[in-house]
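The residues making up each chain are set out below.
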Amino acid sequence: MNRTWWKEAVIYQIYPRSFMDSDGDGIGDLQGIISRLDYLKYLGIDVIWLSPVYKSPNDDNGYDISDYQDIMDEFGSMEDFDELLAAAHERGIRIVMDLVVNHTSDEHRWFVESRKSKDSVYRDYYIWREGKDAQTPPNNWGSCFGGPAWQYDGETDMYYLHLFSGKQPDLNWDNPKVREEVFRMMTWWCDKGIDGFRMDVINMISKTEEMPDGEVHGLYGSFDPYCVNGPNVHKYLQEMNEKVLSKYDIMTVGETGGVTTELAKQYAGEDTHELNMVFQFEHVEGDGKYGKWTDEKIPLITLKKIMSRWQCELYGKAWNSLFWDNHDQPRAVSRFGDDRPRFREMSAKMLATCLHMMQGTPYIYQGEELGMTNYPFRSPEDFRDIESINAYREWCGKGAVSHEIFWPCITFKSRDNARTPMQWDDSPQAGFTAGNPWIAVNPNYTQINAKAETADPDSVFHYYKKLIALRKENPIIVYGRYEPLLEDNGELFVYTRELNDEKLLVVCSFCDYETNFAVPAEFAGASCLISNTGDAYGETERTLKPYEAFVLHKK
């Protein structure tokens, strides 16, 4: 297996709006990120994935881009970005940009021109269709953010496709001029010195020519068979690789919802000349009662089967990306662990152990290294996320389900859980801003914050710091073969890693009670690489504490 820097890296995702505010306007910015680079250097991460900082009217917090080669006013200037890039590189930290090219903002100049006339040279930059009749969209597809996936435009009496917000019209990648524009823009950023791209919903860029009604799930028809993993997606990514990606020493990761292991081998295979790796979402999607919304945790046996399948089926063929949460998911310790004060730290360390000992490149979402938790929402007015606002309006406002039933589901899964400000210290607004934050700070910041955890050697922060250091010191953690154990055990997640003559045993309890575990005989006398209890690990029969995790190393 070829060794590369991006396989051995640990990546830290920054959501700029919520990371650090430098000017007191309540919104995080680029100078705020610069001021915290030494914190990230101390943690030990190698790469920052920067969520979008481009010019945007912010209908979807920067994922609606009006100018790909300028910076959002609230975040600063291009000079600030250049300073960030240089300051990160000085510290040995690379910067990966968020590439959002399935759609633009409706305020992008391409779309402003496209909607003016059917004869516009930009008309075919987007996907326009006639309605079924004067009041009916071209088909029954629903958008990811609620409502129809089609927006009527009176200027030309036609509809445009938007798989997300109505202010995010989808680009027409079948138009070679669109691809040329995107590749030119990507080249501009690479020449500036960035270190790669995380590609937003990149498996949606190719749509089928035919766009019939979709199978109804919930309130609308599904666009999945026609817009996800479409007919030309691999052709377009290979073209992107040839014209841009292959010319630079960068990393690429594609956001590919609905991808299978077989498709992942096409997108990120060792010899397919497309992407370095993809994000798969099987472990964080498909568990909803009402669309994506639920208040139930995924059963451990189900979780293990998903994670193990990706570990085993991609080994030696494609590269895994490892994550528990991101800007679109609730907080990991609340979703997969236990955020009650008694168990929060232990379960946060257990989850970190479970993920960081797997094969692939791990991603840490800002605050995950502190064990930050979901926010205690009190009312719909607390939401800032367009998806959550629209979902509450559609499900409760139209009477599909009562507030009492839906509220626990939307508060458990809302994307706003991940978007509350980074908790830096116990001063007002958690040290995030001197002003009023754009979204409320989690009230537990006085107990959970970076200042307290960096000073405490037993904190979640220092546990992550140790895991990152171990990955750098032990190639087996990066490249070793994964083998699951106790696959039908609903309490323990146990697996081994093997490389040459070395072997690791990883044991993680997902229980809030004691459990029994027999250490396999081959690990008798093995050394303990890391544990979240600080216990000695000499005996073969163990009573595991709630959320205990440990790793044994045999050479």
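Details of the structure are given in the entry above.
What you are looking at is a predicted structure, and each value in this text was computed from that prediction instead of being measured.

I'm lost on the overall build of the protein in this one. Help?
Across its full length, the protein carries 18 helices and 22 strands. By the compact-globule yardstick of 24 Å for 555 residues, the protein fits well, its C-alpha radius of gyration being 23 Å. C-alpha atoms of the protein, sized along the principal axes, occupy 75 × 50 × 50 Å. Within the protein, buried positions represent 62% of all 555 residues. At a minimum sequence separation of 6, the contacts of the protein that also span at least 24 residues come to 71%. Accessible surface computed for the protein: about 20700 Å², of which carbon and sulfur atoms make up 47%. Here the protein contributes 58 positive and 90 negative side-chain charges, whose respective centroids are spaced 2 Å apart.

What is the right way to look at the environment of asparagine 320 in this model?
Take asparagine 320: it is sitting in strand β14 (residues 319-322). Counting along the chain gives 157 residues from asparagine 320 to leucine 163, while the straight-line C-alpha distance between them is 27 Å. Sequence-distant contacts of asparagine 320, defined by excluding residues within four places in its chain, comprise Met277, Trp310, Gln311, Leu314, Gln359, Gly360 and Thr361. Of note is the side chain of asparagine 320, whose polar atom sits 3.3 Å from the backbone oxygen of tryptophan 310.

What is the right way to look at a negative patch on the surface in this model?
Residues Glu483, Glu487, Asp488, Glu498 and Asp501 make up a contiguous surface patch of negative charge. Turning to its location among the elements, aspartate 488 is positioned in the loop between β16 (481-485) and β17 (492-499). Residue classification places aspartate 488 among the exposed residues on the basis of a relative accessible area of 65%.

What is the right way to look at the sheet that holds strand β8 (residues 158-161) in this model?
By way of backbone hydrogen bonds, the strands of a sheet pair with one another, either parallel or antiparallel. The strand order across the open sheet formed by three strands is β6-β8-β7, and the pairing between neighbours is antiparallel. With partners counted over all chains shown, the strands left at the sheet margins are β6 (128-129) and β7 (150-153), one partner each. By the bridge criterion, two bridges tie β6 to β8 in an arrangement that is antiparallel. Bridged to tryptophan 128 within β8 is tyrosine 160.

Parameters at a glance
Residues numbered from 1 in each chain as written. Predicted model: local features only at pLDDT ≥ 70, side-chain atom pairs only at ≥ 80, totals over all residues. Heavy atoms only, no water. Helix = DSSP H or I, 4+ residues; strand = E, 2+ residues; numbered from the N terminus. Rg over C-alpha atoms; globule rule 2.2 N^0.38 Å. Buried < 20%, exposed > 50% of the residue type's maximum accessible area, 1.4 Å probe, protein only. Contact = heavy atoms within 4.5 Å. Areas by Shrake-Rupley, 256 points an atom, 1.4 Å probe, with all protein chains shown as cover. Lys, Arg positive; Asp, Glu negative; His and termini not counted. Charge placed at Lys NZ, Arg CZ, Asp CG, Glu CD. Polar contact = N/O pair within 3.5 Å; in protein donor to acceptor, adjacent residues only side chain to side chain. Patch = residues over 30% accessible without salt bridge, like charges linked within 9 Å, V, L, I, M, F, W, Y side chains within 5 Å. Salt bridge = Lys/Arg side-chain N within 4 Å of Asp/Glu carboxyl O. Pairing = 2+ DSSP bridges.

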